[in-house]
Amino acid sequence: MADRGKQNSTGVSKKAQKKRTAERRKHIFAIIGMVIGVLIFLSIVGYSFYDEAILDKLSFTDIFRLPFNESVKALTSGINNWLGLFGAFAGNFFINSTVGFISILFPLLIIFWCWVFFRAAESRKLLTLTNYLFLFSLLFSATFGIINLVIIDLPKEWSGIVGAYLADIFVKLLGRVGAPIVVVTAFFITIVLAIDLD
């Protein structure tokens, strides 16, 4: 009987230990995710369009060649991004290859999701907010893409490649008058719905 009791307590303690290990792993992944989110956020905030000319002469693999290659070192010495070569590549990707300056929302969402994961909190409201923010970022970039096409020449960083593409489609489909009306209306409806979230 005593042996059986010992086996039961050993089994319970092993389960508790496995649960603690899984919790620790979950916390470590969440912290790593939050750090990645902060780094991406700083890369976007520290973006400089002057870095683009330097990045045209480099590839992403040059990040790993940097300590050993003198020509890469010489090129990267002119980078203005707060996080150096990595930040320049990350900022350039998020701003120019996605939805422009509004891509600043993406690392914030990464941080919020990792915090929810860390705290094991309810994620339904954050999921709804995430959907609204993705829609908001698309409409924001499309709005500035349309402004660039129809009203005034703006730097490409305001719309990114996604906003420029959406703007082109909307203008061809709805014309130079209809496209701004539809997109700006959808943009403000999204803001109103997001503000009214319980």
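No experiment lies behind these values; they were computed from the predicted model shown.

## A closer look at the overall build of the protein
So, point 1. Across its full length, the protein carries 8 helices and 0 strands.
So, point 2. The N-to-C order of helical and strand elements in the protein reads α-α-α-α-α-α-α-α.
So, point 3. Taking 16 Å as the expected radius of gyration for a compact globule of 198 residues, we find that the protein reaches 24 Å, considerably beyond that expectation.
So, point 4. Counting only residues that meet the buried cut, the protein has 33% of its 198 residues in that class.
So, point 5. Within the protein, residue pairs in contact and separated by at least 24 positions form 72% of the contacts whose partners lie at least 6 positions apart.

## Focus: the packing of aromatic side chains
So, point 1. All told, the structure shown has 13 aromatic pairs when counted by the stated rule.
So, point 2. Summarising the aromatic geometry, the rings of Phe 140 and Phe 187 are spaced 6.2 Å apart at their centres and angled 50° between planes, so their arrangement reads as tilted. Taken together, the residues span a long stretch of sequence, with Phe 140 in helix α7 (residues 124–151) and Phe 187 in helix α8 (residues 160–195) at a distance of 47 residues.
So, point 3. When its relative accessible area of 14% is taken as the criterion, Phe 140 is described as buried.
So, point 4. The aromatic ring of Phe 117 is capped on one face by Lys 26, whose charged end is 5.6 Å from the ring centroid.

## Some remarks on helix α5 (residues 84–99)
So, point 1. Here α5 spans 22 Å end to end across 16 residues, near enough to the 22 Å set by a 1.5 Å rise per residue.
So, point 2. Of all 16 residues in α5, 12 are buried, a share of seventy percent or more.
So, point 3. If you check which residues of α5 are buried, you get Leu 85, Gly 87, Ala 88, Phe 89, Ala 90, Gly 91, Asn 92, Phe 94, Ile 95, Asn 96, Thr 98 and Val 99.
So, point 4. One or two positions beyond α5, positive phi appears at Gly 100, with a value near 85°.

## Brief notes about a nonpolar patch on the surface
So, point 1. A cluster of nonpolar side chains, contributed by Ile 31, Val 35, Leu 39, Phe 60, Phe 64 and Phe 86, occupies part of the molecular surface with about 560 Å² of accessible area.
So, point 2. Broken down by element, the residue count for the nonpolar patch peaks at 3 residues, all from helix α1 (residues 2–45).
So, point 3. Within the element layout of this structure, Val 35 appears in helix α1.
So, point 4. Overall, Val 35 belongs to the partly exposed group, its relative accessible area being 44%.

## Topic: the side chain of Ser 159
So, point 1. For Ser 159, the location among the structural elements is in the loop between α7 and α8.
So, point 2. Note on Ser 159: relative accessible area 4%, which makes it buried.
So, point 3. Excluding anything up to four places from it in sequence, Ser 159 contacts Thr 98, Val 99, Gly 100, Ser 141, Phe 144, Gly 145 and Ala 164.

## Observations regarding the pattern of salt bridges
So, point 1. In total, this model carries 6 salt bridges according to the counting rule given.
So, point 2. In this structure, the salt-bridge partner of Lys 156 is Glu 157, at a minimum N-O distance of 3.5 Å.
So, point 3. Judged by relative accessible area, Lys 156 falls into the partly exposed class, the value being 43%.
So, point 4. With its nearest N and O atoms 3.1 Å apart, the salt bridge here joins Lys 172 to Asp 168. Of this pair, Lys 172 and Asp 168 both sit in helix α8, separated by 4 residues, roughly a single helical turn.
So, point 5. Counted as one network, the salt bridges with shared partners bring together Glu 52, Lys 156 and Glu 157.

## Here's the deal with the environment of Gly 160
So, point 1. Structurally, the position occupied by Gly 160 is in helix α8.
So, point 2. For Gly 160, a relative accessible area of 6% translates into the label buried.
So, point 3. Leave out the neighbours within four places in its chain, and Gly 160 touches Ile 95, Asn 96, Thr 98, Val 99 and Gly 100.

Parameters and conventions
Residues numbered from 1 in each chain as written. Predicted model: local features only at pLDDT ≥ 70, side-chain atom pairs only at ≥ 80, totals over all residues. Heavy atoms only, no water. Helix = DSSP H or I, 4+ residues; strand = E, 2+ residues; numbered from the N terminus. Rg over C-alpha atoms; globule rule 2.2 N^0.38 Å. Buried < 20%, exposed > 50% of the residue type's maximum accessible area, 1.4 Å probe, protein only. Contact = heavy atoms within 4.5 Å. Phe/Tyr/Trp six-rings, centres within 6.5 Å; stacked < 30°, edge-to-face > 60°. Lys NZ or Arg CZ within 6 Å of the ring centre and 35° of its normal. Expected span 1.5 Å × (residues − 1). Patch = residues over 30% accessible without salt bridge, like charges linked within 9 Å, V, L, I, M, F, W, Y side chains within 5 Å. Areas by Shrake-Rupley, 256 points an atom, 1.4 Å probe, with all protein chains shown as cover. Salt bridge = Lys/Arg side-chain N within 4 Å of Asp/Glu carboxyl O.

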